[in-house]
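# Reading the structure
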Amino acid sequence: MVSQLNVDKIYNEGGDNDSGVNLATNDTVKFDIAGSTKWTLNSSGNLFPAATSQGICFGVTSDTAANRLEDYEEGTWTPIIVGSSSAGSGTYSTQSGTYTKIGRTVTFECALTWTNHSGSGYIYIGGFPFNAANQTYYVVQTEQISLGADKVSFTARIAASSNQGFLINSPTSGGDRAAIAMDTTGSVNASGTYQTS
Amino acid sequence: MAITKETIEDSHEIKNEYKHIYVRTATIIKEDGVEISRTYHRHVIAPDDDTSSASDEVKKLVALYHTDEMKKSWSDFKKALADAGP
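Residues numbered from 1 in each chain as written. Chains lettered and ligands numbered in written order. Predicted model: local features only at pLDDT ≥ 70, side-chain atom pairs only at ≥ 80, totals over all residues. Heavy atoms only, no water.

## Things to note about the pairing of strand β2 (residues 20-31) of chain B
Residues and elements named next belong to chain B.
- The sheet contact formed by strand β1 (residues 3-15) and β2 spans twelve bridges and is antiparallel. Its bridge partner being in β2, K5 is matched across the sheet by I29.
- Linking two consecutive strands that pair antiparallel, namely β1 and β2, is a turn of four residues; a positive phi of about 55° is found at N16 within it.
- Examined bridge by bridge, β2 and strand β3 (residues 34-45) share eleven bridges and lie antiparallel to one another. Bridging from a neighbouring strand, R24 pairs with R42 of β3.
- In textbook terms, the turn of a hairpin is the stretch between consecutive antiparallel strands, and for β2 and β3 this stretch comprises two residues, one of which, D32, has a positive phi near 50°. (Pairing = 2+ DSSP bridges. Helix = DSSP H or I, 4+ residues; strand = E, 2+ residues; numbered from the N terminus.)

Take a look at the structure:
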């Protein structure tokens, strides 16, 4: 058995569509450059970079940061209701959130139902898994929150450099949007997408 | 066959001028010592957050980055956001 074979190039002149590297044992395949491993293909068939700054470039033929996808992650987060003046705390019967981060883009959904909240000021939805790079509005559905006459709420905002922001209502007859005063009880379902830095 | 479950904070990152601490918690399921599942949960710690129940590693980061000056800067920024409205 040859333990190491040093060659410049490998040619397959047969053209029978079955070229490849075949490992008879349950092993990994390492892709080294100048003696340093850059990528590893594990025995389950998953490909790993040696550093998290590495990625795959799409749509270009040379390395360009704007075309390099180097991050993907999915997980959960815990949304909370926060008072803008005094954060306070509440009792949650529903409190769930999920996210998927692809590059710098975060897609999320969350559900909250609370009672006995002690916060004051305006209602913030907080606890997002990453800060927003810029202020970003997203879609919400609310229940049991006092909105005032002729108001409707269907958006909220994550503030820039923050992971929380206002729950918003708007007059049904038009006019400026406004923050919603803290309510001891309420329910919110939301989903959206934002950029993180 | 032994199934085990462990929860660890596997990533801490310091972000933006207000030194928010990104904490990623991994829940790892192993079968006979071999990892078969890993899930993530994330939260962000701001300078004014209560960290009394945080991990020792997070408390060290809080002590290092969330100085009184940083808390003041973050508080001022939050007030400006609130005053600016939605």
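## Let's talk about the domain arrangement of chain A
- On domain assignment, one finds that chain A holds domain 1 (9-70) and domain 2 (74-195).
- When each unit is reduced to the centre of its C-alpha atoms, the spacing between domain 1 of chain A and domain 2 of chain A is 42 Å. (Domains from an automatic or database assignment.)

## Quick word on the sheet that holds strand β1 (residues 29-33) of chain A
Residues and elements named next belong to chain A.
- A sheet is described by the order of its strands in space; here three strands give the open sequence β1-β2-β3, paired in antiparallel fashion. Each edge of the sheet is formed by a strand with only one pairing partner; in this case those strands are β1 and β3 (47-49). When strand polarity is set aside, the average angle formed by the axes of neighbouring strands in this sheet is 25°.
- By the bridge criterion, five bridges tie β1 to strand β2 (residues 36-41) in an arrangement that is antiparallel. Bridge assignment links F31 to a residue of β2, and that residue is W39. (Axes fitted to C-alpha atoms, helices over the stretch in contact; angles between N-to-C directions.)

## Thoughts on the nonpolar core
- I125(A), Y138(A) and L167(A) are the most contacted members of the largest nonpolar core, which totals 30 residues.
- Elements with a minimum of two residues in this core: β9 (105-115), β10 (123-126), β11 (136-143), β12 (151-158) and β15 (186-195) of chain A together with β2 and β3 of chain B.
- A per-element tally of this core places β9(A) first, with five residues.
- Excluding its chain neighbours within four sequence positions, the residues that come into contact with Y138(A) are F108(A), I125(A), F128(A), F154(A), T155(A), A156(A), R157(A), I158(A), A190(A), S191(A) and G192(A). (Core = buried A, V, L, I, M, F, W, Y, C linked by side-chain atoms within 4.5 Å. Buried < 20%, exposed > 50% of the residue type's maximum accessible area, 1.4 Å probe, protein only. Contact = heavy atoms within 4.5 Å.)

## Topic: empty space enclosed by the protein
- Per the stated rule, a full pass over the model turns up one cavity of 30 Å³ or more.
- Of the voids in this model, the largest cavity is the one considered here, and its volume is about 70 Å³.
- Together, Y124(A), R157(A), A159(A), S162(A), Q164(A), G165(A), F166(A), K78(B) and L81(B) line the largest cavity.
- Among the secondary structure elements, those contributing two or more residues to the lining of the largest cavity are β13 (165-171) of chain A together with α2 (68-84) of chain B.
- Taken together, the residues that form the lining of the largest cavity break down as four nonpolar, three polar and two charged. (1 Å grid on protein atoms, 1.4 Å probe; cavity = no way out; pocket = protein on both sides within 12 Å on 5 of 7 lines; lining within 4 Å. Points joined across faces, edges and corners; volume = space filled by probe spheres on them. Nonpolar A, V, L, I, M, F, W, Y, C, P; charged D, E, K, R; others polar.)

## Observations regarding the interface of chain B and chain A
- Contacts between chain B and chain A engage 18 residues on the former and 27 residues on the latter.
- Between chain B and chain A, roughly 1700 Å² of surface is buried when both sides are summed, and carbon and sulfur atoms account for 48% of that area.
- The residue R42(B) makes a salt bridge to E73(A) at a minimum N-O spacing of 2.6 Å.
- Within the residue set of the side of chain B that touches chain A, elements represented by two or more residues are β2, β3 and α2 of chain B.
- A per-element tally of the side of chain B that touches chain A places α2(B) first, with five residues.
- One ladder, built from two bridges, connects strand β6 (residues 72-77) of chain A with β3(B); its direction is parallel. Directly across from T76(A), in β3(B), lies its bridge partner H41(B). (Buried area = accessible area lost by both parts, 1.4 Å probe. Salt bridge = Lys/Arg side-chain N within 4 Å of Asp/Glu carboxyl O.)

## Observations concerning the layout of surface pockets
- The calculated volume of the largest pocket comes to roughly 1200 Å³.
- Along the walls of the largest pocket sit 36 residues, with T52(A), E70(A), D71(A), Y72(A) and E73(A) positioned nearest its centre.
- Tallying contributions element by element places β3(B) first for the lining of the largest pocket, with four residues.
- Shared between two domains, the lining of the largest pocket takes at least three residues from each, and those domains are domain 1 (9-70) and domain 2 (74-195) of chain A.
- The computed volume of the second largest pocket comes to approximately 890 Å³.
- Surrounding the second largest pocket, 40 residues form its lining, I80(A), V82(A), V44(B), D49(B) and D50(B) being those nearest its centre.
- Elements supplying a minimum of two residues to the lining of the second largest pocket: β7 (80-83) of chain A together with β3 and α2 of chain B.
- Residue classes in the lining of the second largest pocket are distributed as 13 nonpolar, 20 polar and seven charged.

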